[in-house]
Amino acid sequence: MKLKWQYLCLEVKKTLRMFPRMLLQAILLMILIGTIAFCGVKSADKEPLAVSVEVAVASQEDNRLTRMALSYVENMESVSRLCSFRQTTEEEGFALLEKGDVAALIVLPDQLVEGIMNGVNPSVDIWFCRHAGLEAMLFRELTESGAGLLRVAQAQIYGAGDMARAYGLTEQLSGIEAQIDSYNLAFALDRLALFDSETVSIFGALNGMQFYLASGIVLFLMLAGMALYPVVQREPSAFCRQLGRQGAGQGWQCFCQWVCGFLCMAALACLLFGAVRLTLRYVLPRTAAAQLTAGSAGGGAVGVGLGNGALIVAAVSTLVYLILSLAGSRASGILLVFVFTVGLMYLSGGLVPAVFLPEAVQTVGEWLPTACLIQAAGGILTGQSVWQMGRCSVLLCSYTLLAGAAAVLVRCRQYRG
């Protein structure tokens, strides 16, 4: 028994001697991932490309009602976000259209509003450039859709009038027309009359920033496992057999190496979470920090973080230990850890949200260990304990035990070989 503890102490001392170099490698990896994340955040902050349509409007008269109607249309949210209007004369409008300075020219006739109110319904002429660009094509689609809605509304009014006169209901006609107008206005202007708004997150219970931070934490810890090979590499066969003769069998040797790997991974995790905490407090704006800690339960945050972090470190250490046990050399181990990490992160939705992946991949990705690790890391940010996540905790514990047993079997097989 004394030899077992002596061997464990020797492994810990060896790990401590190697840890500064591993720490440097982890810091370089953290800087690399942080740089990529910073560039991603900066690119996401840029305004998305938007189509802005400039339209010239020419009125044949200076009518107060026409100006009011045009001002109302210009200030509509759905119109102002897409179109900007320039009031010109008809000659200037055609000149601008010919030069391509505007996407379309709208010519308003005399007595436009009055004609709409008394049923004359004067037509509005809309001219487009012969070689229309994207803006003109989009505006044409919008005008054609609007014209279709207007034709339907006119048919409803005329049909209601004919029906009322045919059945002697002219006294109720004004009420019928008011209901038709109200319906058409709600149809055209009020989007809530057609659709129910419901906020849906592609990241589940996490918001976008929390999800990608949790994914980055898991990615860093998994890739940091590439530096663990000197700690968990297999001892020479003669030395292993000598330890086995003195009571420290292959199972104990595996356990000692796993403990050293766990301690290294725990130290790297503490370094990572410390850097995240400092960034949240002193670097990021308050709004971004609030989004990253949204839903956090302040009282039990420390306990939740320790519990989730311990399970994450145990699972990652065991998975990395299994992968490095399958590798025959340091180069093979680094390559295997990288390939397995990137592959599992992609399949579980850690790099690209799972909703954008094929349905079969989504089904498989829900059961992968990296998906559970991301959920557990997100629980640290939101204050949700991994034990409250149901299936996540069960899967992580199961994967940890299975990976540990598989690693011991692989080491024992190599030992006999």
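Data block above holds the structure.
Since we're looking at a predicted model, the values are computed, not measured.

**Concerning a nonpolar patch on the surface**
(1) Moving on: On the surface, a cluster of nonpolar side chains totalling about 860 Å² of accessible area is made up of Leu335, Phe338, Val339, Val342, Tyr346, Leu347, Leu351, Val352, Val355 and Phe356.
(2) Moving on: If you trace the backbone, Leu351 turns up in the loop between α14 (330-347) and α15 (359-365).
(3) Moving on: With relative accessibility at 37%, the residue Leu351 sits in the partly exposed group.

**Description of the packing of aromatic side chains**
(1) Moving on: Within this structure, the stated rule accounts for five aromatic pairs.
(2) Moving on: Taking 5.3 Å as the distance between ring centres and 80° as the angle between the ring planes, the aromatic pair formed by Phe211 and Tyr212 counts as edge-to-face.
(3) Moving on: Centroid distance Trp252 to Phe255: 5.4 Å. Interplanar angle 35°. Geometry classified as tilted. One end of the pair, Trp252, and the other, Phe255, are both in helix α11 (residues 250-283), three residues apart, so they sit about a helical turn from each other.
(4) Moving on: Residue class for Phe255 comes out partly exposed when judged on its relative accessible area of 38%.
(5) Moving on: An aromatic cluster is defined as three or more aromatic residues linked by ring pairs; in this entry it consists of Trp252, Phe255, Trp258 and Phe262.

**Notes on the nonpolar core**
(1) Moving on: Formed by 56 residues in total, the largest nonpolar core has its most connected members in Phe220, Leu221, Ile312, Val316 and Leu396.
(2) Moving on: Only α1 (2-45), α8 (208-224), α9 (229-232), α11, α13 (301-326), α14, α16 (369-382) and α17 (391-416) provide two or more residues apiece to this core.
(3) Moving on: By residue number, the principal contributor to this core is α13, which donates eleven residues.
(4) Moving on: In this structure, Ile312 is in contact with Leu221, Leu373, Ala376, Ala377 and Ile380, ignoring residues within four places of it in sequence.
(5) Moving on: Grouped together as the second largest cluster of nonpolar side chains are nine residues, Val53, Val55, Cys83 and Ile106 included.

**A short note on the side chain of Arg411**
(1) Moving on: Turning to its location among the elements, Arg411 is positioned in helix α17.
(2) Moving on: In this structure the side chain of Arg411 is engaged in a polar contact, spanning 3.0 Å, whose partner is the side chain of Ser325.
(3) Moving on: Once you skip the residues sitting within four places of it in the chain, Arg411 turns out to touch Val232, Gln233, Arg234, Gln250, Cys254, Gln257, Tyr321 and Ser325.

Here is what the cut-offs are and how they apply
Residues numbered from 1 in each chain as written. Predicted model: local features only at pLDDT ≥ 70, side-chain atom pairs only at ≥ 80, totals over all residues. Heavy atoms only, no water. Patch = residues over 30% accessible without salt bridge, like charges linked within 9 Å, V, L, I, M, F, W, Y side chains within 5 Å. Areas by Shrake-Rupley, 256 points an atom, 1.4 Å probe, with all protein chains shown as cover. Salt bridge = Lys/Arg side-chain N within 4 Å of Asp/Glu carboxyl O. Helix = DSSP H or I, 4+ residues; strand = E, 2+ residues; numbered from the N terminus. Buried < 20%, exposed > 50% of the residue type's maximum accessible area, 1.4 Å probe, protein only. Phe/Tyr/Trp six-rings, centres within 6.5 Å; stacked < 30°, edge-to-face > 60°. Core = buried A, V, L, I, M, F, W, Y, C linked by side-chain atoms within 4.5 Å. Contact = heavy atoms within 4.5 Å. Polar contact = N/O pair within 3.5 Å; in protein donor to acceptor, adjacent residues only side chain to side chain.

This is a description of form; function is not addressed.
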